[in-house]
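Residues per chain are reported as follows:
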Amino acid sequence: EADIYQTPRYLVIGTGKKITLECSQTMGHDKMYWYQQDPGMELHLIHYSYGVNSTEKGDLSSESTVSRIRTEHFPLTLESARPSHTSQYLCASSDGGTDTEAFFGQGTRLTVV
Amino acid sequence: SQQGEEDPQALSIQEGENATMNCSYKTSINNLQWYRQNSGRGLVHLILIRSNEREKHSGRLRVTLDTSKKSSSLLITASRAADTASYFCATRTGANNLFFGTGTRLTVIP
């Protein structure tokens, strides 16, 4: 069982609201990732971090922002939610080596109405 | 997709049959990994194959890697209804990020 947790699991929120999706891991992993999964299943990397105070944008442009103040915590924030942000958001972490697997949280399904 | 395609997009087989899924990618890689996703949940790691390996086994799973063709296949033998899920390949590149394919939705009919 992976020790990586995402909250909330489901969120329905109105347009214009600010939201923060939480992601925490207890494995001490340096690398953490946020993926956005569209209805066609494809996962797009939107943010990643290689350690505390390190954050980078992924290959899919996203209006969200992230922070990495503590190793175990990698929250994602949308300042003003829009219906186009409706999606499944998956957080993952992995150890520092190259030949390591990623551990995923259960995901947050966000619906913006 | 950042890395490439998986095919087929969907596959439906009878219990006991073998299931084969293919993955193609675009750039040179450090390793290729396969993950499984049950409906609406997170992904679970199945198997990793390094770029200098050609074949790997784990239980009923067999993975092959052809770096000259930039492709991989996942074979699940003697499928079970519980194997019904979506399967994704993912590649680790020089930048060390993990990029996923488009996924294959497998349905195993009891």
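Residues numbered from 1 in each chain as written. Chains lettered and ligands numbered in written order. Predicted model: local features only at pLDDT ≥ 70, side-chain atom pairs only at ≥ 80, totals over all residues. Heavy atoms only, no water.

Engineer: I'm lost on the nonpolar core in this one. Help?
Structural biologist: Where a protein is soluble and globular, its nonpolar side chains tend to be buried together. In this structure, Met21(B), Leu32(B), Trp34(B), Leu74(B), Ile76(B), Tyr87(B) and Leu106(B) are the most contacted members of the largest nonpolar core, which totals 21 residues. Sequence-distant contacts of Leu74(B), that is, excluding residues within four places in its chain, are made with Ala19(B), Thr20(B), Met21(B), Trp34(B), Leu61(B), Arg62(B), Val63(B) and Tyr87(B). Ranked by size, the runner-up nonpolar core spans 18 residues in total, among them Ile4(A), Ile19(A), Leu21(A) and Tyr89(A). (Core = buried A, V, L, I, M, F, W, Y, C linked by side-chain atoms within 4.5 Å. Buried < 20%, exposed > 50% of the residue type's maximum accessible area, 1.4 Å probe, protein only. Contact = heavy atoms within 4.5 Å.)

Engineer: How should I be thinking about the interface of chain A and chain B in this particular structure?
Structural biologist: Interface size is often expressed as the accessible area that is lost when the parts come together. Tallying the contact residues gives 26 residues for chain A and 28 residues for chain B. Buried surface at the junction of chain A and chain B, summed over both partners, amounts to about 2,100 Å²; 45% is from carbon and sulfur atoms. Here chain A is connected to chain B by 1 salt bridge. Notably, a salt bridge pairs Asp99(A) with Arg50(B), separated by 2.6 Å at the nearest N-O pair. Put simply, chain A and chain B have 13 residue pairs in polar contact (both at pLDDT 80 or more) between them. Residue composition of the side of chain A that touches chain B, by class: 10 nonpolar, 9 polar and 7 charged. (Buried area = accessible area lost by both parts, 1.4 Å probe. Salt bridge = Lys/Arg side-chain N within 4 Å of Asp/Glu carboxyl O. Polar contact = N/O pair within 3.5 Å; in protein donor to acceptor, adjacent residues only side chain to side chain. Nonpolar A, V, L, I, M, F, W, Y, C, P; charged D, E, K, R; others polar.)

Engineer: Explanation requested: the environment of Ile109(B) in the structure shown.
Structural biologist: Residues and elements named next belong to chain B. Considering the arrangement of structural elements, one finds Ile 109 in strand β11 (residues 104-109). With relative accessibility at 34%, the residue Ile 109 sits in the partly exposed group. Expressed as a C-alpha distance, the spacing of Ile 109 and Ser 12, which sit 97 residues apart in the sequence, is 7.3 Å. Setting aside chain neighbours within four positions, we find Ile 109 in contact with Ser 12, Ile 13, Gln 14 and Glu 15. (Helix = DSSP H or I, 4+ residues; strand = E, 2+ residues; numbered from the N terminus.)

Engineer: Honestly, the side chain of Ser72(B) in this entry has me stumped. Any pointers?
Structural biologist: Residue and element names in this part refer to chain B. Summarising the element assignment, Ser 72 is placed in strand β8 (residues 71-76). A distance of 2.7 Å separates the side chain of Ser 72 from the backbone oxygen of Thr 64, its partner in a polar contact. Excluding residues within four positions of it along the chain, Ser 72 makes contact with Met 21, Asn 22, Cys 23, Leu 32, Trp 34, Val 63, Thr 64 and Leu 65.

Engineer: Before we go on, may I ask you to explain the sheet that holds strand β1 (residues 6-7) of chain B in this structure?
Structural biologist: Think of a sheet as strands paired side by side through backbone hydrogen bonds, with each pair either parallel or antiparallel. Residue and element names in this part refer to chain B. With antiparallel pairing, the 5 strands of this open sheet are ordered in space as β1-β3-β8-β7-β6. A strand with exactly one partner marks an edge of an open sheet, and here the two such strands are β1 and β6 (55-58). Here β1 pairs with strand β3 (residues 19-24) via 2 bridges, running antiparallel. Counted as the bridge partner of Asp 7 is Asn 22 from β3. (Pairing = 2+ DSSP bridges.)

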